[in-house]
Amino acid sequence: MAKDLTKLFNKFAGKEISVQEIEADFFDVDPNDKTVQAMENLAKANGLTLRVIFPGSRVTKDMRMDRVNVHVEKEVDGKYRIGNRFKIG
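### A few points about the environment of N32
Along the chain, N32 turns up in the loop between strand 3 (26-29) and helix 2 (34-45). Looking at N32, the relative accessible area reads 55%, which means it is exposed. Separated by 14 residues in sequence, N32 and S18 place their C-alpha atoms 8.7 Å apart.

Laid out in structure tokens, this is it:
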């Protein structure tokens, strides 16, 4: 499935998303962000849910086979972009 995930979601890699950093390790994605909306729709169409993971944020260690983890990277310009790691979990 990992290869299929990359195939499905790789088109989003590098795209900037609208994020508000609330405090250390806590982020809020703009609910109107078109990239994240498109990723959520793609996940749903493939029987998955989407979890967005930010740098340094803590996540639960539960393994869910119906969830795709999408990693976000903070660039040197301070903008947040979708990374190129997409994994089930």
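### Things to note about the packing of aromatic side chains
Across all of its chains, the model carries five aromatic pairs by this definition. Relative to F54, the ring of F27 has its centre 4.5 Å away and its plane inclined at 20°; by these criteria the two rings are stacked. Here the residue F27 occupies a position in strand 3, and F54 occupies one in the loop between strand 4 (49-53) and strand 5 (67-74), the gap between them amounting to 27 residues. Each member of the pair F27 and F54 is classed as buried. Between F54 and Y80, the ring centres sit 5.9 Å apart and the planes meet at 80°, which makes this aromatic pair edge-to-face. Remark: Y80 occurs in strand 6 (residues 80-88) and F54 occurs in the loop between strand 4 and strand 5; sequence separation between them is 26 residues. Exposure remark for Y80: the relative accessible area of 6% places this residue in the buried category.

### Focus: the side chain of N69
Looking at where N69 falls in the secondary structure, it is placed in strand 5. The buried category is assigned to N69, whose relative accessible area is 8%. Separated by 2.8 Å, the side chains of N69 and R51 make a polar contact. With sequence-adjacent residues up to four places away left out, N69 is seen in contact with R51, I53, R85, F86, K87, I88 and G89.

Scoring rules and cut-offs
Residues numbered from 1 in each chain as written. Predicted model: local features only at pLDDT ≥ 70, side-chain atom pairs only at ≥ 80, totals over all residues. Heavy atoms only, no water. Helix = DSSP H or I, 4+ residues; strand = E, 2+ residues; numbered from the N terminus. Buried < 20%, exposed > 50% of the residue type's maximum accessible area, 1.4 Å probe, protein only. Phe/Tyr/Trp six-rings, centres within 6.5 Å; stacked < 30°, edge-to-face > 60°. Polar contact = N/O pair within 3.5 Å; in protein donor to acceptor, adjacent residues only side chain to side chain. Contact = heavy atoms within 4.5 Å.

So, to be careful, I would describe these as geometric facts and stop short of saying anything about function.
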